[in-house]
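As a plain string of letters, each chain reads:
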Amino acid sequence: MLTQALVSLLLLLLSGGPVYGQGQTNPVTGRAIAPVMGIGGADWLDRPEREQEEQPEKAIKALQLRPGMQIGEIGAGTGFYALRIARRILPGGTVFANDIQPRMLELLRRKAESQKISNVKTVLGSESDPGLPEHVLDLVLMVDVYHELSHSEAVLQNIAKELKPGGQLVLLEFRKEDPNVPIRPEHKMSVAELK
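Analysis parameters
Residues numbered from 1 in each chain as written. Predicted model: local features only at pLDDT ≥ 70, side-chain atom pairs only at ≥ 80, totals over all residues. Heavy atoms only, no water. Pairing = 2+ DSSP bridges. Helix = DSSP H or I, 4+ residues; strand = E, 2+ residues; numbered from the N terminus. Axes fitted to C-alpha atoms, helices over the stretch in contact; angles between N-to-C directions. Salt bridge = Lys/Arg side-chain N within 4 Å of Asp/Glu carboxyl O. Buried < 20%, exposed > 50% of the residue type's maximum accessible area, 1.4 Å probe, protein only.

On to the sheet that holds strand β2 (residues 94-99), then. Strand order in the open sheet made by the five strands is β3-β2-β1-β4-β5, with parallel pairing throughout. Edge positions in the sheet fall to β3 (120-124) and β5 (163-172), since each of these pairs with one other strand and no more. Strand-to-strand, the axes of this sheet are offset by a mean angle of 20 degrees, without reference to chain direction. Here strand β1 (residues 70-74) runs beside β2; their pairing, made up of five bridges, is parallel. Bridging across to β2, G72 finds its partner in F96.

Here's what the structure looks like:
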């Protein structure tokens, strides 16, 4: 189930690390596939301005998290959302933080250790399979990720297996309908494209 509230975010592409999906289009939808931010963008993911620009607390509040929930985050990067969510689902909750870049996951693990957060499990996935546990997740979150998926149909099929019955998929993306978000079109998605 897609959330009706899409959050407008600001994206700055930084070079460095592998670039996946660049120059490709989705064969089903014709949507341009945006390049994945590499490890060179890790500092940008943790910039202080992100709090004001994206208002993550407001987005997380809308998720209606509860203790004990099992959450998957696809494209977790350095853990900007995963670490915040992990604190809110204690006791008993786990965040399965997925990424396709081992170095991003290593940064996330180090941040979790330094913040004494022990309920985040990192998961190295592939471009077509997040690798999250099946039939376990109450919610799967993708923040500014879906537009980068080169195998979106396969990823969605795997997510369907990973969610519990009644589980939710929540996408937060740059809103293509918002002309005030000054980024390239392939880094935005419209409500129609998400549906």
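Below, the discussion takes up the pattern of salt bridges. All chains considered together, the criterion is met by seven salt bridges. Ionic pairing is found between E57 and R88, a salt bridge with its closest N-O pair at 2.1 Å. Remark: R88 occurs in helix α4 (residues 82-88) and E57 occurs in helix α3 (residues 56-62); sequence separation between them is 31 residues. E57 gets classed as partly exposed once you look at its relative accessible area, which sits at 36%. Judged by relative accessible area, which is 33%, R88 ranks as partly exposed.

Another aspect to go through is the environment of V143. Tracing the backbone through its elements, the reader meets V143 in strand β4 (residues 137-143). Look at V143 and you get buried, because its relative accessible area is 6%. Measuring from C-alpha to C-alpha, the distance between V143 and G77 comes to 9.9 Å, with 66 residues separating the pair along the chain.

Here the bond from L90 into P91 is cis, since omega is -5 degrees, no more than 30 degrees from zero. Tracing the chain through its elements places P91 in the loop between α4 and β2. Positive phi is not limited to glycine here, since Q64 has a value of about 55 degrees. We note that H135 has phi near 60 degrees; this positive angle belongs to a residue other than glycine. In this fold, H135 is placed in the loop between β3 and β4.

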